[in-house]
Amino acid sequence: MVVLGGGVVGTALAAALAERGVRDITVVDLDLAGIYASSELNAGGARATWWQPVNIETCRLTLDFFREHRAELGFRQRGYLWLYDDEQLFARAIQKRELQNRAGLGVELLEPSAIPSLFPIVDRSLEELVGATWSPRDGLVNPNAVRSYYRRRAEARGVRFRNRDFVMGVRTERVSGAAGSLRRIAALEVVRIRHGRPGDESGVLREILTTHRVPAEAREEEERIDCELVVNCLGAWSPIFSAKVGIHDVSEPVRRQIALVGVHREDLAPGVELENLGMVVDPSGLYFHPDGAYLLAGYSIPEEPPGFDFSYDGEDFFQNEIWPRLAAHCSSFERCGHVRGWAGLYAVTPDRSGIAGPVAGFSNLFEAHSFTGRGVMQSYGISRAMAALIDSGRFEEVDLAPLARERFEDPARWVREDLHI
Ligand SMILES: Cc1cc2nc3c(=O)[nH]c(=O)nc-3n(C[C@H](O)[C@H](O)[C@H](O)COP(=O)(O)OP(=O)(O)OC[C@H]3O[C@@H](n4cnc5c(N)ncnc54)[C@H](O)[C@@H]3O)c2cc1C
């Protein structure tokens, strides 16, 4: 069995399959260090408070796992504070809270006037707010630690990880069986990438991952990997693979940026302690949480065009998108400064929910990808359910049927997740 992509999703799935006793699993990735993998470039937010049951359930399972292994995974249960300035949106949040609390999430509603006494960081323009939700069981996790932990569990059960192998092509063949004529993936065509000079390495990887071509000087050797079963866990690159087997993915890669922000201790308003703060989401969708000596702040620019773009807008991003939003509700951030930042890719679907399940028309192809801004916090739940499907033919623990790719043929079946950031 070959799992394509050694990001957090592919690695979690390999571990889950191996833990069920599945043998002979190989994970193939161009770069297991993940320099451009979303799994290494994200914000480390972990919440189960979503508006769609399948997203709630998969994240709830994952957060339980994070809680159980909190020391290894750097999980800090510090909650999410979500601010609202729109009556209609807040009314939906109140309505969805019933669903969330039936799943045991313990989400609380806050009046604007109650916010500063509980969260002194929010002390400005309270009259613009209509309310907030506080979900104390959510929190923050170290995403790199999560991926490494899944990998250790997988390797301990014999999973092989192949690094610097780029999947260029796919050989398919027709098979006929009880379900009629199907196709199967017979083999993958893999190009082994030469180790670049140290300073040049990321340039080569970036070129391959943004153009999907391997420069002649980077090629080392080509190989055919025969496969019994293939799982596409290529994240934002999944559509490239799908196109190679003749199917169209509706998801698109979209750049998302994160800034690290410096805050002077003497600028903090009375009563504010950043150390114990969890994630705060402001009404515009800006999110922030403390990250070591800094504040990590992200904002998804709505008009960002799709593309494999890893450029970071630097000071412009901070000045135009981050600082004005940070300072709008928090006087402590009036004089904060830009430190550095980065960009990574969201794999965005039209309904903002991921794609998981068997790929129709194929006898041996499965997929789990396009988890927008949710892949880390969904990783354990998705991997457990997918491993059961692959191993036993049906989902266990959580039913991922709503995430089948076929749903996009009928907008009534879309899993519209509106609580995304
Ligand atoms: C700025 C930002 C903030 C985010 N914040 C959060 C957050 O707070 N919480 C959260 O849960 N999620 C967050 N996310 C989303 C989360 O990071 C992703 O959903 C998740 O990492 C996806 O994991 P993956 O394994 O599917 O993909 P990836 O981690 O991208 O892994 C895909 C792998 O495929 C490999 N690959 C691609 N093409 C090929 C090929 N042809 N051959 C071989 N290998 C190939 C790549 O090298 C890569 O390692 C954020 C994402 C970004 C960008």
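The model shown is predicted, which means the values in this text are computed figures rather than measured ones.

## Side note on the site of the ligand
Near the ligand lie 34 residues; those nearest to it are Asp29, Ser39, Gly45, Gly375 and Met377. Ser38 has a polar backbone atom sitting 3.0 Å from an oxygen atom of the ligand. Contact between the ligand and Gly375: an oxygen atom at 2.9 Å from a main-chain N or O atom of the residue. Starting from 1000 Å² of accessible surface for the ligand in isolation, the protein chains cover 97%.

## A word on the environment of Glu217
Tracing the chain through its elements places Glu217 in the loop between α7 (201-211) and β11 (219-226). Classification of Glu217 as exposed rests on a relative accessible area of 61%. On a C-alpha basis, the gap between Glu217 and Arg194 in space is 8.0 Å, while along the polypeptide they are 23 residues apart.

## Re the nonpolar core
Residues Phe66, Met386, Ile390 and Leu400 are the most contacted members of the largest nonpolar core, which totals 73 residues. Excluding residues within four positions of it along the chain, Phe66 makes contact with Ala46, Leu73, Phe75, Val141, Val146, Tyr150, Val376, Met377 and Ser379.

## Remarks on the side chain of His329
Of note, His329 is situated in helix α9 (residues 314-329). For His329, a relative accessible area of 5% translates into the label buried.

## Things to note about a negative patch on the surface
Taken together, Asp85, Asp86, Glu87, Glu127 and Glu128 make up a surface patch of like negative charges. Turning to its location among the elements, Glu87 is positioned in helix α4 (residues 87-102). Residue Glu87 is classed as exposed on the basis of its relative accessible area of 59%.

## Brief notes about the sheet that holds strand β8 (residues 160-162)
In spatial order, the strands read β8-β2-β1-β12-β19-β18; together these 6 strands make up an open sheet with mixed pairing. Both edges of this open sheet fall to β8 and β18 (355-358), since each of them pairs with a single strand only. With strand direction ignored, the average angle separating the axes of adjacent strands in the sheet is 20°. When β18 meets strand β19 (residues 365-369), the two strands line up antiparallel, connected through 4 bridges. What sits directly across from Ile355, in β19, is His369. Helix-sheet contacts for helix α10 (residues 375-392) involve β12 (230-232), β18 and β19, and the interaxial angle to β19 is about 175°.

## Some thoughts on the environment of Pro290
Within the fold, Pro290 resides in strand β15 (residues 287-291). Along the chain, Pro290 and Gly278 lie 12 residues apart, while their C-alpha atoms are 7.4 Å from each other. Apart from the residues within four sequence positions on either side, Pro290 is in contact with Arg78, Leu274, Glu275, Leu277, Gly278 and Leu295.

## Side note on empty space enclosed by the protein
Taken as a whole, this structure holds 3 cavities of 30 Å³ or more when the rule is applied. In this structure, the second largest cavity spans a volume of roughly 70 Å³. Elements that contribute at least two residues to the lining of the second largest cavity include exactly β4 (80-84), α4 and β6 (131-135). Broken down by element, the residue count for the lining of the second largest cavity peaks at 3 residues, all from β4. Considering only residue class, the lining of the second largest cavity consists of 7 nonpolar, 4 polar and no charged.

About the cut-offs
- Residue numbering note: each chain is counted from 1, following its sequence as written.
- Under the rules for a predicted model, residues below a pLDDT of 70 receive no local features and side-chain atom pairs below 80 are neither given nor counted, while totals for whole chains, interfaces and linings still include all residues.
- The side-chain numbers reported here are obtained from all heavy atoms of the structure, hydrogens and water having been left aside.
- If even one non-hydrogen atom of a residue comes within 4 Å of a molecule or strand, that residue is called near it.
- Polar contact is the term for a pair of N or O atoms within 3.5 Å; when the atoms are in protein, one must be able to donate a hydrogen and the other to accept it, and sequence-neighboring residues count only if both atoms are side-chain atoms.
- All accessible-area figures derive from a Shrake-Rupley calculation using a 1.4 Å probe, and residue coverage is judged against the displayed protein chains alone.
- Only DSSP runs of H or I covering at least 4 residues are called helices, and only runs of E covering at least 2 are called strands; the numbering of each starts at the N terminus.
- When a residue's accessible area, from a 1.4 Å probe over protein chains only, is under 20% of the maximum for its type it is buried; when over 50% it is exposed; and in between it is partly exposed.
- For our purposes a nonpolar core is just a set of buried Ala, Val, Leu, Ile, Met, Phe, Trp, Tyr and Cys residues, chained together by side-chain atoms within 4.5 Å.
- Throughout, a contact is declared for two residues whenever any of their heavy atoms are within 4.5 Å.
- Each patch is built from residues that are more than 30% exposed by relative accessible area and take part in no salt bridge. Like charges join if they lie within 9 Å; nonpolar side chains (Val, Leu, Ile, Met, Phe, Trp, Tyr) join within 5 Å.
- By convention in these notes, a salt bridge is any Lys or Arg side-chain nitrogen within 4 Å of a carboxyl oxygen on Asp or Glu.
- The positive count covers Lys and Arg only, the negative count covers Asp and Glu only, and His and the chain ends enter neither.
- A charged residue contributes its charge at one atom only: NZ of Lys, CZ of Arg, CG of Asp or CD of Glu.
- Two strands make a pair as long as DSSP finds a minimum of two bridges between them.
- Axis definition: a line fit to C-alpha positions, over the contact stretch in the case of helices; interaxial angles, taken between N-to-C directions, run 0 to 180 degrees.
- Buriedness for pockets is judged along seven lines, at least five of which must meet protein on both sides within 12 Å for an open set on the 1 Å grid over protein atoms alone, while cavities are sets there where a 1.4 Å probe fits but cannot get out, and lining residues have an atom within 4 Å of a point.
- Grid points are joined across faces, edges and corners, and a volume is the space filled by probe spheres set on the points.
- Three classes are used, and their members are as follows: Ala, Val, Leu, Ile, Met, Phe, Trp, Tyr, Cys and Pro are nonpolar, Asp, Glu, Lys and Arg are charged, and the others, Gly among them, are polar.

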